[in-house]
Amino acid sequence: MGTALVTGASSGIGAIYADRLAKRGYDLILVARNADRLQAVAKRISDETSRAVNVLAADLSDRDDLFRVEQVLRDNASITMLVNNAGFGGVTPLLNSDVERMELMVDLNVTAPMRLAYAAAPAFVVRGAGTIINISSIVAIGPEILNGVYGGTKAFVLAFTQSLQHELADKGVRIQAVLPGGTATEFWGIAGAGDYANSPLAMPVERMVDAALAGLDLGEVVTIPPLQDGALWDEYEALRRRIAGDLAHARPGSRYVTEIA
Ligand code: NAP
């Protein structure tokens, strides 16, 4: 199975991915800022599964730390999976949000997974195998739900994943975007809406990750655990492709043309 590198593995969704991937036979490299929490997750998993679990403390919004993790992805030939999970969100509208924190969000939610995918993908292509899982969010298709920059970062992750699938699927690389809905983790406290984690509508984190991995096993490129009717996504995607496939025209749509030019 090889080694899975999981970012944001010190808590929440990333810690459960680590647990489930170890149980599937992967060795692990766990990345997050808090070394003590990473060590605790690593010890619990290695005690339970006997897999090799290493930790790499890194702040992925810091360039030097990010470069260190990229280097590991390039150099460690045992790595067969990257889970781009680390991220944070917000619930405040633009007028109540601090632009510096928004920029930090873009650094962590956009720049870091993009650079890590750029490090992993060429290595996976050379090896003819590998899996990249990118954790997006339902706000990727619902930017009105939470903070708009957060929605924008997750829309980037979704679009980037779809383009990776387009470019790499025929080179042996598996690609998946996961769009969780509200999931019971520390995310909500950090985002400024701690109560949501206790809402009956919040999905337990184990249930979310197990559904996401079931989607991977089904061969899905986009997995939306809380979506009840999966056919709706297929319709949405078919309409998107229909529109995207009909946009190369020298003339604008007739509704914009007052006289023939
Ligand atoms: P979480 O429990 O707060 O986990 C976030 C993880 O990211 C932690 O391990 C945290 O560890 C790590 N992290 C934060 N800042 C970091 C940094 N600068 N560098 C490296 N690691 C960093 O929240 P979660 O719900 O599991 O979130 C995981 C992903 O799911 C995020 O991308 C989030 O946007 C997405 N998501 C969550 C929900 C939800 O409702 N929970 C819904 C949709 C999508 P350290 O603090 O130790 O660094």
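Above this text is the structure in question.
Remember, it's a predicted structure, so these values are computed and weren't measured experimentally.

S.K.: Mind showing me how you'd approach the environment of T185 here?
M.R.: Mapped onto the secondary structure, T185 falls in the loop between β6 (173-178) and α6 (187-191). Taking the relative accessible area as the measure of exposure, T185 reaches 15% and is therefore buried. In this structure the C-alpha to C-alpha distance between T185 and P204, which are 19 residues apart in sequence, comes to 8.2 Å. The contacts of T185, once residues within four sequence positions are left out, are G12, I13, A197 and V205. There is a polar contact of 3.0 Å between the side chain of T185 and the backbone nitrogen of F187.

S.K.: Looking at this structure, how should I read the pairing of strand β4 (residues 79-84)?
M.R.: A regular strand places its side chains on the two faces of the sheet in alternate fashion. Counted residue by residue, β4 has 5 buried out of 6 residues, so it is predominantly covered. Sheet analysis places strand β1 (residues 3-7) next to β4, joined by 4 bridges and oriented parallel. When the sheet's bridge partners are listed, V6 is paired in β4 with V83. Of the pairings in the sheet, the one linking β4 to strand β5 (residues 130-135) comprises 4 bridges and is parallel in character. Residue V83 lies in a different strand from β5, and its bridge partner there is I133. Once you follow β4 into helix α4 (residues 99-127) and on to β5, the crossover reads as right-handed.

S.K.: So what exactly am I meant to see when it comes to the side chain of Q176 here?
M.R.: Note on placement: Q176 falls in strand β6. For Q176, the side chain forms a polar contact with the main-chain oxygen of A212, separated by 3.0 Å. Apart from the residues lying within four places of it in its own chain, the contact partners of Q176 are I132, I133, N134, T161, A212, G215, L216, E220, V221 and T223.

S.K.: Any chance you could explain the packing of helix α3 (residues 63-75) against α4 here in plain terms?
M.R.: Any two packed helices are characterised by how steeply their axes cross, that is the angle between the axes, and by the distance between the axes. At a closest axis distance of 9 Å, the pairing of α3 and α4 adopts a crossing angle of 15 degrees. Judged by the inter-axis angle, α3 sits roughly parallel to α4. Two packed elements cross with a definite hand, and for α3 against α4 that hand is right-handed. Here R63, L66, F67, V69, E70, L73 and R74 of α3 come into contact with α4, specifically with T111, A112, R115, L116, A119, A120, A123 and R127. For the contact of α3 with α4, the per-class residue count stands at 9 nonpolar, 1 polar and 5 charged.

S.K.: How should I be thinking about the sheet that holds β1 in this particular structure?
M.R.: Consider a sheet: its strands pair through backbone hydrogen bonds, and that pairing is either parallel or antiparallel. Strands sit in the order β3-β2-β1-β4-β5-β6-β7 across an open sheet of 7 strands; the sheet is parallel. Both outer strands of the open sheet, β3 (53-57) and β7 (222-223), are each paired with one neighbouring strand and no more. Two strands pair when backbone bridges link them, and β6 and β7 are joined in this way by 2 bridges, in the parallel orientation. Paired with V178 across the strands is T223, a residue of β7. Against the sheet, helix α1 (residues 12-23) engages β1, β2 (27-32), β4, β5 and β6, with an angle of about 170 degrees to β1. Strand contacts of α3: β1, β2, β3 and β4, with the helix running at about 150 degrees to β3, the strand carrying the most contacts.

Basis of the calculations
Residues numbered from 1 in each chain as written. Predicted model: local features only at pLDDT ≥ 70, side-chain atom pairs only at ≥ 80, totals over all residues. Heavy atoms only, no water. Helix = DSSP H or I, 4+ residues; strand = E, 2+ residues; numbered from the N terminus. Buried < 20%, exposed > 50% of the residue type's maximum accessible area, 1.4 Å probe, protein only. Contact = heavy atoms within 4.5 Å. Polar contact = N/O pair within 3.5 Å; in protein donor to acceptor, adjacent residues only side chain to side chain. Pairing = 2+ DSSP bridges. Right-handed = clockwise from strand over helix to strand, strands pointing away. Axes fitted to C-alpha atoms, helices over the stretch in contact; angles between N-to-C directions. Parallel < 35°, antiparallel > 145°, perpendicular 65-115°, else oblique. Left-handed = near helix turned anticlockwise from the far one by under 90°. Nonpolar A, V, L, I, M, F, W, Y, C, P; charged D, E, K, R; others polar.

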